[in-house]
Amino acid sequence: MLRSLSGLTTRGRCLLAAGVAAAVCAVVLNERDLLRVAVFVVALPLLVALFIAASRVRIGAARRMLPDRVSAGSSSEVELTLWRNGKLPAGEVLLEDGVPYALGSRPRFVVERLPAGRAVALRYPIQPALRGIQQVGPLRATLTDPFGLCEFDRELIGHSRLIVTPRVAGLWGLPSGAGIGAGDDGSIRLHAGQGESDVIVRHYRQGDDLRKVHWRSTARRDEIMVRVEERPWRGGTTVLLDHRAAAHHGTGPVASLEWAISFAASVCLHVRKAGHRIRLVSEHGKLLADVPGGYGGEDSGSADNLILDSLAALQPAHQRDLTVGHDPAEGQELIAILGTVSNEAVSELARFRPRGTRSLAVLLDTPAFAGGVSAPEHRAAATGESAALLRAAGWGVVVAEPAASMQQVWAELCRTSAGRGALIGGAL
């Protein structure tokens, strides 16, 4: 009874108090007609409270995401199913589903009467603007009577997960000259075993570690020669994604970080569908996904979902600078998607990359993503030195602006050769 009375509205409580006052006056004045009215006024909110309290436990609901994985910027639907258990009728039901701000407005439905033995289906659209793991819910129901005397709130369904994957752009072609990821028809890779008496050497190039100088060959040829160390070759391509918060600018869907993540997703899916193994790593070498190459089949969708889900859940890293300390590609060919990086970090990244493998980089003009000045003279100050260091180390470099499409950036990356770069969307 106390739990039922807790659902009385202000109108119901006032009516109950008026009935009690009328009953007291009827007893004092000995007015039987007034007492009958008082009993009716007191009984009405009590009976309504009992009825609503009993009917609210007989309502069931279910939620279904259509689908439960959707790309950012596209639309989806949520289906709610409501039914009544038992023969006791239910009053008016107000439904409100908890929808995050990133998915759209919070929907509300009013169901005046639930039919017995038949479920009521309700649908509402959602339009996720940002990638991420979103939680939809809880679904709350407010049951009221026609007189507005009593209402009860109840949670019908908890949370449901919606995976919002990054946007994926359709790409064409592969970088030429390296047989990207193939391992057998690309650039020459040396596999001399470490510790062998016959040491393989080559001429010194800018950026090489001086600790690898082979002094005996240097003295014999009268020019600096360095050792070529063996690295175990595992065919495939590594995509390095720089997702440091300090390396990117802008907010919302147009932020440079979101562009970089979408481009990484597009590259991973495109290269994997070409039959190459894909390793997706962060800027400090953490493995995010490792999937085999494939042209189709039952496992193709699950491999793509593994890449997309790892990027959907990716959060900005809080470290200030890019720290490598080793070859992040582990001997594979590398495609690095970088934000703002220091010259020291670029030098470190180039130093640990083997010379016999293809290395490509996309440098984002991050100030332009925040609406800043993107004139070539200003842009060169932010990215020119980094691009020059990578080109000097034999990398193919492309500088991307927010006005350029991902297809343009990828096409230019495919055309560029080691040691050359290009600027998409403006003059170099």
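Residue numbers run consecutively from 1 along every chain, following the written order of its sequence. Selection of residues for local features in this predicted model requires a pLDDT of at least 70, selection of side-chain atom pairs for listing and counting requires 80 or more, and totals for whole chains, interfaces and linings are taken over all residues. Side-chain numbers come from the whole structure's heavy atoms, not from hydrogens or water.

Engineer: Help me out: how do you make sense of the overall build of the chain in this one?
Structural biologist: Helix numbering and strand numbering both begin at the N terminus, where a helix is a DSSP run of H or I of at least 4 residues and a strand a DSSP run of E of at least 2. Scanning the chain for helices and strands turns up 10 helices and 19 strands. A total of 428 residues make up the chain; the buried ones form 46% of that total. Surface accessibility follows the Shrake-Rupley procedure with a 1.4 Å probe radius. Residue values consider only the protein chains on display as shielding. Surface summary for the chain: the accessible area is close to 21,100 Å², and the carbon and sulfur share equals 54%. Accessibility here uses a 1.4 Å probe with only protein chains present; expressed as a share of the type maximum, an area under 20% marks a residue as buried, one over 50% as exposed, and anything in between as partly exposed.

Engineer: How should unusual backbone geometry be read in this particular structure?
Structural biologist: In most cases, non-glycine residues show a negative phi, while peptide bonds are predominantly trans. In the segment running from Leu66 into Pro67, the intervening peptide bond is cis, with an omega of -5 degrees. By the element assignment, Pro67 lies in the loop between β1 (59-66) and β2 (69-71). The phi dihedral of Asn30 is positive, around 60 degrees, even though this residue is not glycine. In this structure, Asn30 sits in the loop between α2 (10-29) and α3 (32-56). When its relative accessible area of 64% is taken as the criterion, Asn30 is described as exposed. Despite not being glycine, Asp222 shows a phi value in the positive range, around 60 degrees. With respect to the helices and strands, the residue Asp222 is situated in the loop between α4 (215-221) and β12 (225-227).

Engineer: Teacher, can you tell me more about the sheet that holds strand β4 (residues 92-97) here?
Structural biologist: What holds strands together in a sheet is hydrogen bonding between their backbones, with the strands either parallel or antiparallel. For two strands to be treated as a pair, DSSP must find no fewer than two bridges joining them. Strand order in the open sheet formed by 4 strands is β5-β4-β8-β9, with antiparallel pairing between adjacent strands. Among the strands making up the open sheet, the edge pair consists of β5 (108-111) and β9 (151-157). Across the sheet, the axes of successive neighbouring strands diverge by a mean angle of 20 degrees, strand direction being ignored. Here the axes come from fitting lines to C-alpha atoms, over the contacting stretch only for helices, and the angles between their N-to-C directions go from 0 to 180 degrees.

Engineer: For this particular structure, what's the right way to read the side chain of Glu258?
Structural biologist: In this structure, Glu258 sits in helix α5 (residues 256-273). Note on Glu258: relative accessible area 16%, which makes it buried. Here a polar contact is taken to be a pair of N or O atoms separated by no more than 3.5 Å, where protein atoms must pair a possible hydrogen donor with a possible acceptor and residues adjacent in sequence count only if both atoms sit in side chains. A polar side-chain atom of Glu258 sits 2.9 Å from a polar atom in the side chain of Arg131. Here, residues are in contact when the closest pair of their heavy atoms is within 4.5 Å. Sequence-distant contacts of Glu258, defined by excluding residues within four places in its chain, comprise Leu130, Arg131, Gly252 and Pro253.

Engineer: Got a minute to help me understand the nonpolar core in this structure?
Structural biologist: Most often, soluble globular proteins have nonpolar side chains that are buried together. Residues Leu241, Trp259, Phe263 and Trp410 are the most contacted members of the largest nonpolar core, which totals 39 residues. Each residue touching Trp259, except ones within four places of it in the same chain, is listed here: Val362, Leu364, Phe369, Ala400, Ala404, Met406 and Val409. Among buried residues, those of type Ala, Val, Leu, Ile, Met, Phe, Trp, Tyr and Cys that are joined through side-chain atoms within 4.5 Å constitute a nonpolar core.

Engineer: Whenever I open this one, the packing of aromatic side chains confuses me. Can you help?
Structural biologist: The description of an aromatic ring pair rests on the distance of the ring centres and on the angle between the ring planes. When two rings of Phe, Tyr or Trp (its six-membered ring) have centres within 6.5 Å they constitute a pair, described as stacked for plane angles under 30 degrees, edge-to-face for angles over 60, and tilted for the intermediate range. With the rule as written, the count across this model stands at 3 aromatic pairs. Between Trp259 and Phe263 the ring centres are 5.2 Å apart and the planes differ by 15 degrees, which places this aromatic pair in the stacked class. On the criterion of helical spacing, the pair formed by Trp259 and Phe263 is a turn pair, its members being 4 residues apart in helix α5. In this pair, the class of Trp259 matches that of Phe263, namely buried. Through successive ring pairs, a cluster of aromatic residues spans Trp259, Phe263 and Phe369.

Engineer: Hey, could you run me through the packing of α5 against helix α10 (residues 406-415) in this one?
Structural biologist: How two helices pack is summed up by the angle between their axes together with the distance between the axes. At a minimum axis distance of 11 Å, the contact between α5 and α10 shows a crossing angle of 60 degrees. Our classification of the angle between α5 and α10 gives oblique. Remark: the crossing between α5 and α10 carries right-handed chirality. In this structure, α5 contributes Trp259, Ser262, Phe263, Ser266, Val267, His270 and Val271 to the contact, and α10 contributes Met406, Val409 and Trp410. Throughout, the term roughly parallel applies to angles under 35 degrees, roughly antiparallel to angles over 145, roughly perpendicular to angles from 65 to 115, and oblique to all others. Each helix crossing is assigned a hand: it is left-handed if the near helix lies turned anticlockwise from the far helix by less than a right angle, otherwise right-handed if that turn is clockwise.

Engineer: I'm lost on the sheet that holds β1 in this one. Help?
Structural biologist: Across the sheet, which stays open at both edges, the 3 strands sit in the order β1-β3-β6 with antiparallel pairing between neighbours. Two strands bound the open sheet, and with one partner strand each, they are β1 and β6 (120-126). Taking each pair of neighbouring strands and ignoring which way they run, the sheet shows an average axis angle of 20 degrees.

Engineer: Help me understand the confidence of the model for the chain, please; the structure alone is not making it clear to me.
Structural biologist: Per-residue confidence from the predictor is reported as pLDDT, a score between 0 and 100. In this model, the chain carries an average pLDDT of 81, and 81% of its residues clear a pLDDT of 70 or more. Throughout residues 418-428 the model reports pLDDT below 50, and contacts reaching past four residues in sequence, or to other chains, amount to 37 contacts.

Engineer: Sorry, what's going on with the pattern of salt bridges here?
Structural biologist: A side chain with one charge may pair with a side chain of the opposite charge, provided their charged atoms come close. A pairing counts as a salt bridge when a side-chain nitrogen of Lys or Arg comes within 4 Å of a carboxyl oxygen of Asp or Glu. Under the definition given, this model contains 16 salt bridges. A salt bridge links Arg63 to Asp97; its shortest N-O distance comes to 2.9 Å. Here the residue Arg63 occupies a position in strand β1, and Asp97 occupies one in strand β4, the gap between them amounting to 34 residues. Assessed through its relative accessible area of 12%, Arg63 is described here as buried. Taking relative accessible area as the criterion, Asp97 reaches 1% and is therefore assigned buried. Ionic pairing is found between Glu155 and Arg140, a salt bridge with its closest N-O pair at 3.6 Å. Remark: Arg140 occurs in strand β8 (residues 139-144) and Glu155 occurs in strand β9; sequence separation between them is 15 residues. Sharing partners across several salt bridges, the network here consists of Arg64, Glu77, Glu79 and Arg123.

Engineer: Would you take a moment to explain the pairing of β9 for this structure?
Structural biologist: When a strand is regular, its side chains alternate between the sheet's two faces. Of the pairings in the sheet, the one linking β8 to β9 comprises 6 bridges and is antiparallel in character. Across the sheet, residue Thr142 finds its bridge partner in β9, namely Asp153. Connecting the antiparallel pair β8 and β9 is a turn made up of 6 residues, with Gly148 showing a positive phi of about 70 degrees.

Engineer: I tried to follow the environment of Pro328 on my own but got confused; where do I start?
Structural biologist: Checked against the element boundaries, Pro328 lands in the loop between α6 (298-312) and β16 (333-338). It is 7.8 Å that separates the C-alpha atoms of Pro328 and His284, two residues lying 44 residues apart in sequence. In this structure Pro328 touches Thr238, Leu240, Arg279, Val281, Leu334 and Leu349, once residues within four positions along its chain are discounted.

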